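# Tertiary structure, described
Each chain, written out:
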Amino acid sequence: MTSQTCESGLHAHSHFSVLDALPTPQQMVAKAQSLNRPAIALTDHGSVSGHVLLEKAIEGIRTGEQGREGYHVTFRGERLEGIKPIYGVEAYLVPNIKKNRQKKNHVTLLAMNQTGYRNLIQLVTRSYDEGFYYRPSVDFRMLSEHSDGVIAMSGCESSLYHRYLAAGDEKNAVKYLQIMDQIYGENFYAEVQHFPHAKELHHRAYTLAEELGFRTAITCDCHYLEPEDRVVHKMIMAVRDHCGYDEAFDLKYAHPYEPDRLLRGLQKMYPDLDWLPAFETVADIVSKIEHYRLPKAPIVTYAMDGDKIGYMRQRCLEFLRSQNLDAKLTYIDRLNRELAVIGDKGYEDYFLVVADIINWAKSNGIMVGPGRGSAAGSLVCWGLGITTVDPVKWDLLFERFVDPTRVDPPDIDIDFEDERRSEVFDYIKQRYGEENVAFISTFMRFGGKQSLWDTAKVFGIPDEAIHRVIRYLPDRSSGDQRAELTVTDALDEPEVREVFAAYPELEIAGYIQGKIRGLGRHAAGVIVTAEPISNYAAIYRAPGTGERLVALDWRDATHLNLMKIDVLGLKECSMLRMMAEHVGMKLQDIYDIPLDQPEAIDVFNKRDFLGIFQFDGQAVRMVGSQMHFESLEQIAAVNALARPGPLWSQATAAYIQGRKDGKPHHVVEYEPARALLERTYGQIIYQESVMQILREIGGMGWQEVCEIRSIMGKSLGSEAFDNYFSIWEEGCRSNNVPEQHIRQIWETIRSYGRHAFNISHAFVYGLLAYWGAWFKANHPLAFYWAHLYKARDRDQEERFLIEAKRRGIEFGTLSLRTRSLGWEIRDGKIAPGWSLVPGIGSKQGQAIIDAGPFENEDGLLAVKGIGQKTVDKIMEYIDVPIEQFYAMEIWETFENRTPIADIKGDDASRWKGEVVGRVTKINKKSRIEEATSRGKEPPNDGGPDEYCTITVQDDTDNIVCWIDNLLYEKYYDTIWSSNGELLRVRGERANFPLIVVKDIELIKEMANV
Ligand SMILES: [Zn+2]
Ligand SMILES: [Zn+2]
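What comes next concerns the included structure. (Residues numbered from 1 in each chain as written. Chains lettered and ligands numbered in written order. Predicted model: local features only at pLDDT ≥ 70, side-chain atom pairs only at ≥ 80, totals over all residues. Heavy atoms only, no water.)

### Some remarks on the overall build of the chain
How we decide: To qualify as a helix, a DSSP run of H or I must reach at least 4 residues; to qualify as a strand, a run of E must reach at least 2; elements of each kind are numbered from the N terminus. Whether a residue is buried, partly exposed or exposed follows from its accessible area with a 1.4 Å probe, protein chains only, as a fraction of its type maximum: under 20%, in between, or over 50%, in that order. Contacts were defined at the residue level, with two residues in contact if any of their heavy atoms lie within 4.5 Å. Each accessible area is a Shrake-Rupley estimate made with a 1.4 Å probe; only the visible protein chains count as cover when residues are assessed. Residues scored as charged are limited to Lys and Arg (positive) and Asp and Glu (negative), so that His and the chain ends carry no count. Think of each charge as sitting on NZ of Lys, CZ of Arg, CG of Asp or CD of Glu.
Broken down by element type, the chain carries 44 helices and 21 strands. Seen along its three principal axes, the alpha-carbon backbone of the chain occupies a region of about 95 × 85 × 70 Å. Here the chain holds 1009 residues, and the buried ones make up 59% of them. Of the contacts made within the chain by residues no fewer than 6 positions apart, 72% connect residues no fewer than 24 positions apart. As displayed, the chain offers around 41,500 Å² of accessible surface, 47% of which is attributable to carbon and sulfur atoms. Computed over 117 positive and 147 negative side-chain charges, the separation of the two mean positions in the chain equals 1 Å.

Structure follows, in structure tokens:
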């Protein structure tokens, strides 16, 4: 036996073999390393989605694979030169794709080099395009068209070879080997495995292949990494096959072996056979395969003649001229600096492509948001029309957008009108070629609750046990590094431990959390390339819709240089266009709205937040209602201030106090650093401020600054900062920063910086809020109409209706002459359309419009699909005032209640009384977790750990009600089982508009309203 080259890792599955295998590619690499293997193959079922992760793992790139969107830090990890990645696939083979209704047979394919790799991904693309029937399938003809550079092995027990043999049909088994031999020649190998349950079958497979002169390789068909994982594997098989644990398929021995052990086992099982040649064949195959890198796509190209940077400069200069800014040196310098970086990195095509898409949308009357994320920090983006914010005026940082030290492409996300996104997608396809455009995949994973429920179902664990556990699952966002450890971490709770002790199988839930359970489409990401994407990555088809999907999630697509553009749908964009159209403005007029109109800013000062973008959110309202606004800058700041970090760290409170006092409350002592925090009243709330301090006070290079920025953006914890302290210290010293300040500023950055927000994003979202407020102040009729039209549900509609009525907006009625489906403006009044009648869908509504208008109800009766019963129903809504249409009078029956809107303003700060409303949100909190997350000692007062906040909504507004831990126990049932019924909540207002609850009561008699 030739030492370590005798291994059997040529056939192995990761969790991209959905609901069929357990390990992640990273775990497989780690295992291969521990077994000292020279190579590791990845052969998922019909899928090539794990390949990039395999390459990243071997190249020492941390991937954040556990489903954490937005987390892809390249760290200077250890490159595993020793391990060769082998990119393969276990394809589904049918003899003839035109007769694809047959049983799918497995065949193992491995790419030897880049040519082979390209063939492999093209084959997989075709398996979706031409061969999809339950599974993506290929036939012999397709195999032969993509055989160059590919090694084929005859396949596992589900291969044609083994199946013919099992059926006693040796003739066809031999024929299969011969066909494959014709296709692949010297790159074809017979494959045998070592599963004891089919001892004779594998014996015959081996001996027959040898008799015919085929070289035979031994493989393990690895589906999990450790023998004890077999139970977990069997459990996911039960999920896949919707059966109980005992009925599930039990795949024994599908884990990697040490070669010696495997050989000894085989010799014992088959004393008459010599297995050494099968091991040598494996070694031969490994050495035949090159250690190559996955092919990287060229950056998308924008078709034009001449110098692209020159063209961009010219367009930006023209734009600056139109703004009367072309004579200002700060703008010209900034433009040149940005263009130099963009040209240096070769991103000009990307910028031009994005600008082209946005300008197409605008010229076709589709409203595009002012920008999103850090792109608003770029003057070039402004000049090309990608964003509509002046980054010089608002002091937004370009380096936050394009990291000058890294090769990662910049990320431009764009908001379009939600209902017109498909037009944008169609344009991109038509302009850049169907073959060069595809959506991005997302892989759905087992969440904490899902894995508990699935485990319970498979093992017959009662629901009640799971209910007891899921209450304790920590609520973590997908960006949190511990997002997929919630089941494991819930085990800190004694009650959870108790349940797990009674049902030990539940532990499996902790193992499967985070594993892939399905393929989906990313909501917004589109890949656009210069060449057909299938030269670089396989294209799948989305389940259901058949849309083209790059086989990778966005992080892995980026690794192959496949550039992503996020085409997002935003309701606000649609509403802005509707409002503008109604008052006779053009799209461009929205972008030109003056940003300092006192009436518009007053909307914020009057706490008139209903329908104002982002200010509808609880935290933003709470912060917003304590501020006095004078400019867009302060409106934008609320987006940064209303986040948990600054709220906890008191930066928000200090900022607000600073505004009130008219002077900053500084968190740093050193004067030059203070100067950089002037605009945020001495507080660190923006990442850009930190970057400026690091640059200007610590003299740090962009490399380190951008690395620290990335730590801030990815909640990697304050420890990650400390690697940079010595560089900071040295830089400060050479800038003559007094010793006592060096540590103080650093500590401040360390504790506040990790909560800091992206200022560019705060600005563009502040701008959207401002535009909405401008319409609310200047064109309230259009404002309420658009918001009613786009309201998400009836609750939201009622809130706009009530506020509009209080403001004196007039409402019309639904009549037999109405010609609209949704809300419309008729004769200066807002009036309901047909689909607002309960039970009338848009199809029926359209039929009524098409047949109308009517003189009387007989006309309605003649409409196809509308019976007498429906007509009677409709007639109840014809010509009735809006209050009756919406049955809104119920609220007036609660005599003692205060409308929630009345508690919100400053003047109600001493309010005490009762409100009536429905619970729309329950937020259970843990005192222990909160204390720990703030680095404090957990409370030790013997009281219950939990408390909770509920959001209560009435016809005027909603408000957060705070229930302390003792009351939470008392009202536990009332809160959790109110189910949309009305509650009476008594309490008093805190300093913030928040009710501290005294008692809660369910209003039983009104339960049916
Ligand atoms: Zn198989
Ligand atoms: Zn397999």
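### Quick look at the coordination of the zinc ion (ligand 1)
Put simply, the rule reads: Coordinating donors are taken to be N, O and S atoms lying within 2.8 Å of the metal, or within 3.2 Å when the metal is Na, K or Ca; because water is excluded from the atom set, some sites may appear incomplete.
The zinc ion (ligand 1) binds to the protein through E90 (OE), H106 (ND1) and C156 (SG), with metal-donor distances spanning 1.9 to 2.3 Å. Considered as a linear motif, the donors of the zinc ion (ligand 1) on their single chain read E-x15-H-x49-C. Separation of the zinc ion (ligand 1) from the zinc ion (ligand 2) amounts to 3.3 Å, with E90 serving as a shared donor to the pair. Linking E90 in strand β2 (residues 84-93) with H106 in strand β3 (residues 105-111), this pair joins segments that are 16 residues apart in sequence. Relative accessible area serves as the criterion here: at 0%, E90 is assigned to the buried category.

### Things to note about the packing of helix α26 (residues 632-641) against helix α28 (residues 651-661)
Where we set the bar: Convention adopted: a line fitted to C-alpha atoms gives each axis, helices being fitted over their contacting stretch, and angles between N-to-C directions are expressed from 0 to 180 degrees. By the definition adopted for this analysis, an angle is roughly parallel if under 35 degrees, roughly antiparallel if over 145, roughly perpendicular if from 65 to 115, and oblique otherwise. By definition, any crossing whose near helix is turned counterclockwise from its far helix by less than a right angle is left-handed, and any crossing with a clockwise turn is right-handed.
It is the contact of α26 with α28, at a shortest axis distance of 10 Å, that shows an interaxial angle of 160 degrees. Between α26 and α28, the interaxial angle falls into the category roughly antiparallel. Between α26 and α28 lies a crossing of left-handed hand. Residue-level contacts link Q634, A637 and L641 of α26 to T652, Y655 and R659 of α28.

### Remarks on the side chain of N605
Note the threshold: Each polar contact in these results corresponds to two N or O atoms within 3.5 Å; when the atoms are within protein, one needs to be able to donate a hydrogen and the other to accept it, and residues that are neighboring in sequence are counted only if both atoms are side-chain atoms.
Mapped onto the fold, N605 is located in helix α24 (residues 598-605). Taking relative accessible area as the criterion, N605 reaches 16% and is therefore assigned buried. Of note is the side chain of N605, whose polar atom sits 3.5 Å from the side chain of H628. The contact partners of N605, leaving out residues within four places of it in the chain, are M627, H628 and F629.

### Side note on the coordination of the zinc ion (ligand 2)
Selection criterion: In this scheme the shape depends on donor count and angles: four donors with every angle between 85 and 135 degrees give tetrahedral, four or six donors with opposite pairs above 155 degrees and others between 65 and 115 give square planar or octahedral in turn, and any other case is irregular.
At 2.1 to 2.2 Å from the zinc ion (ligand 2) lie its protein donor atoms, namely H11 (NE2), H13 (NE2), E90 (OE) and D221 (OD). For the zinc ion (ligand 2), the four donor atoms in the first shell make angles of 79 to 162 degrees at the metal, a pattern classed as irregular. Binding-site remark: the zinc ion (ligand 2) is held by donors from one chain whose sequence spacing is H-x1-H-x76-E-x130-D.

### As for helix α6 (residues 170-184)
The test is simple: The span one expects for a helix is its residue count, reduced by one, times 1.5 Å.
Across its 15 residues, α6 extends 21 Å between first and last C-alpha, which sits within 8% of the 21 Å expected from 1.5 Å per residue. G185 lies just past α6 and shows a positive phi near 55 degrees.

### Here we look at the sheet that holds strand β18 (residues 946-953)
Which entries qualify depends on this criterion: Strands are labelled as partners when DSSP assigns at least two bridges between them.
Reading around the circumference, β17-β18-β19-β21-β20 is the order of the five strands in this closed barrel, with mixed pairing throughout. Neighbour to neighbour, the strand axes of the sheet diverge by 55 degrees on average, direction disregarded.

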